[in-house]
Amino acid sequence: MKITIQHTPHLATVYFPVIPEVEVGQWVGMGSIIGRVGRITLAKVPVLHYEVRVEDKPVDPFLFLWGAFTLSERNYRKQALMLQPNGLH
């Protein structure tokens, strides 16, 4: 399943695969548990897809995760994370 959190009329985050622990329309605050990571493949470790959508279009989530880094700083951090066995991809 998929969970979409509407933060503002124009900003949403999407998480999947998850087993929801919230109801549709329920208010959630920072740090709230919204669900448990599910599995869609036979991977040895759970994988969570995290997506930021602005005006219903996917955008680079690094701006929202790590602040306003320059493009070269974001690319450096993305490359470093992709080298991690369980990194953000």
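Structure: above.
Every chain's residues receive numbers from 1 upward, in the order its sequence appears when written. In view of the model being predicted, local features appear only for residues whose pLDDT reaches at least 70, and side-chain atom pairs are presented and counted only at 80 or more, with totals across whole chains, interfaces and linings using the full set of residues. Note: side-chain values were computed over all heavy atoms of the structure, leaving out hydrogens and water.

Enquirer: Any chance you could explain the sheet that holds strand 5 (residues 49-54) here in plain terms?
Expert: Through backbone hydrogen bonds, the strands of a sheet pair up, either in parallel or in antiparallel fashion. Should DSSP find at least two bridges between two strands, the strands are taken to pair. For the purposes of this entry, the term helix denotes a DSSP run of H or I that reaches at least four residues, the term strand denotes a run of E that reaches at least two, and both are numbered from the N terminus. The sheet built from 4 strands is open, its strands ordered 1-2-5-6 with antiparallel pairing. The outermost strands of the open sheet, each flanked by one partner alone, are strand 1 (3-6) and strand 6 (57-59). Ignoring which end each strand starts from, the neighbouring axes of this sheet average 35 degrees apart. The sheet contact formed by strand 5 and strand 6 spans 3 bridges and is antiparallel. Considered in strand 6, the bridge of Val54 is made with Lys57. Note on geometry: axes are C-alpha line fits, over the in-contact stretch for helices, and angles between N-to-C directions span 0 to 180 degrees.

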